[in-house]
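# Coordinate inspection notes
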Amino acid sequence: MTITELNAPKNHSMSRLFQHFADQEWAILLDSSDSVHIDGRYDVMVANPLATLITKGESTHICYKDSPHKSRTSQDDPMTLVQTVLEACLHPQSISPSTSALPFKAGAMGYFGYDLGRRFEDLPQQAENPYSAPDMAIGIYHWAVIKDNQTGQFFLCHFPTDHNDNAPDAAQINALLNHVDTAYLTDDAQKFTLSGQWQSNMDKNQYVDKIAQVNAYLRSGDCYQVNLAQRFDAPYSGDEYQAYLRLRGANKAPFSAFIRIPEAVIISISPERFLSVDSQGKVQTKPIKGTRPRSPDNAIDQQNIQALRGSSKDQAENLMIVDLLRNDLSKSCQPHSVDVPALFEIESFAAVHHLVSTVTGQLAEQQTALSLLRGAFPGGSITGAPKIRAMEIIEELEPQRRNIYCGSIGYLGIDGDMDTSICIRTLLLENSHLYCWAGGGIVLDSTALDEYQESLDKVCKILPVLLQGNA
């Protein structure tokens, strides 16, 4: 493994470098969006994978880029296949763990859609599935560019392989870092625009009625909390990466991401970590439950923070998910290692304030980062509790499947490290159509109209921002 310091101009952003790769299939950017958030230290970009894995339904297609004759389709467990293909391409067991503190230097990166959970749990199939995007899309990468936002330093990491080495060298990346494409965002031929108005898959009355149905399940003791979401969609034209740049600037979310695969583009401006594992096996999850809108009036903004901090309803909602995640982590962590070092902390973002807790653990020796992910997938903060019953109710009440929404974006590095987000504030773009979701956790003392408004608050820095491009 070689790690080379690059010569980037002062205050250069990874998003600007990624402009040169954004139109390539299987190019991925994991981006902190210039936020000052504690979880936003590193940005990572990759392109030109050695192999790709695409899961749709029961089948995963594995494609080896320089050995197409080895490509195959398998019905084995998708997480197991990711580990198998990673080891076949990069042989991580044969190398010593890196002493570098940098995250992901090579390994697997991509997304695990919400509906991949059907491979791990027996769930009903009622909701419509109109999407081309797969349930899982993962690439195996042997090089990455990383920016340390604390120091401003860029690095090129390169893991040599037996395969056809298509990795750029430091001179090529330095040239791109020092090339400013001023025409990119002003090119009318590339301009991202919405060609129609946003539509929701349910109106206010339907949303309120579905909350009433959730309440009936809650009162009967079927469950304690259910995350109910509505989906917005609109037709669009132009360059999807322009839309991403517009959204990252407006939201500054620490778990932002841009993924281009053959079937679709994924844009995420998520504020939420799902699961991280460092090279020493330390596990962390940071569930979000509890939301208040931001206000340009500082006095009102502070009132909203205090209302959220003092809300027994939001604390109870958050605690349900903390308990669910403690249970999920205990499946893969050492006995008595699961802890809650932070409970009900306020984290503020561009559109909303959130109530965030932190759960940690130590990965058990016989477990891997991917077995941890599989055992906790999808994240409890966007399903409800108990998880499986909540997912059954979601399937009954939401008209369409979620696809990428409430899935996870992230990486598994060759050092055994992993970091993944929860795909809230996340958009799917395919077939000239854009989809965006928003919802919230419903508990017995939820107020239907307040929950409806909360879902709108969560997209107030998404839908209006994209409409501005039509001016």
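Scroll up a little and you will see the structure.
Described below are features of the structure shown in this document. (Residues numbered from 1 in each chain as written. Predicted model: local features only at pLDDT ≥ 70, side-chain atom pairs only at ≥ 80, totals over all residues. Heavy atoms only, no water.)

## A short note on the overall build of the chain
For clarity, the cut-off: Helix numbers and strand numbers start at the N terminus; a helix is a DSSP run of H or I with at least 4 residues, a strand a run of E with at least 2. Note on method: radius of gyration uses C-alpha positions; expected globular size equals 2.2 Å times residues raised to 0.38. With a 1.4 Å probe rolled over the protein chains alone, any residue whose accessible area is under 20% of its type maximum counts as buried; one over 50% counts as exposed, and the rest are partly exposed. Between two residues, a contact is recorded if the distance between any of their heavy atoms is within 4.5 Å. Note that His is not counted, nor are the chain ends; the positive residues are Lys and Arg, and the negative ones are Asp and Glu. Think of each charge as sitting on NZ of Lys, CZ of Arg, CG of Asp or CD of Glu.
A tally of helices and strands in the chain yields 11 helices and 25 strands. Computed over the C-alpha atoms, the radius of gyration of the chain is 21 Å, within 12% of the 23 Å expected from 2.2 N^0.38 for a compact globule of 471 residues. Within the chain, the fraction of its 471 residues that count as buried is 59%. In the chain, the share of contacts with a sequence separation of at least 24, taken over all contacts with a separation of at least 6, comes to 75%. Computed over 38 positive and 56 negative side-chain charges, the separation of the two mean positions in the chain equals 3 Å.

## Some words on helix α6 (residues 298–309)
Stated formally: Expected span of a helix, by definition, is 1.5 Å for each gap between consecutive residues, and there is one gap fewer than residues. Think of the arc as the fan of directions from the helix axis to the C-beta atoms. For the purposes of these results, a polar contact is taken to be a pair of N or O atoms within 3.5 Å, where, inside protein, one atom must be able to donate a hydrogen and its partner to accept one; residues adjacent in sequence count only when each atom of the pair is a side-chain atom.
Across its 12 residues, α6 extends 16 Å between first and last C-alpha, which sits within 8% of the 16 Å expected from 1.5 Å per residue. Every buried residue of α6 is listed here: D301, N304, I305 and L308. Buried positions in α6, seen along its axis, are confined to an arc of 100 degrees and lie on one side of it. Between the side-chain oxygen at the start of α6 and the backbone nitrogen of A299 there is a gap of 2.9 Å, and the oxygen is on D297.

## Details of the pairing of strand β17 (residues 282–285)
Stated precisely, the cut-off is as follows: Pairing between two strands is assigned when DSSP locates at least 2 bridges connecting them.
Covered by surrounding structure in β17 are V283 and T285 only, the residues K282 and Q284 on the alternate face being uncovered. Count of turn residues in the strand β16 (residues 273–277)/β17 antiparallel hairpin: 4 residues, of which G281 carries a positive phi of about 85 degrees.

## Describing the environment of V208
By secondary structure assignment, the location of V208 is in helix α4 (residues 204–219). For the pair V208 and D43, spaced 165 residues apart in sequence, the C-alpha to C-alpha distance is 40 Å. Residues in contact with V208, not counting those within four places in the same chain, are A448 and L449.

## Quick notes on unusual backbone geometry
Here F377 and P378 are connected by a cis peptide whose omega angle stands at -15 degrees. Topologically, P378 is positioned in the loop between α8 (369–376) and β21 (384–385). Residue A385 is joined to P386 through a cis peptide bond whose omega torsion reads -10 degrees. Looking at where P386 falls in the secondary structure, it is placed in the loop between β21 and α9 (387–397). The backbone phi angle of S33 is positive, close to 60 degrees, even though this residue is not glycine.

Purely geometric numbers; function is a separate question.
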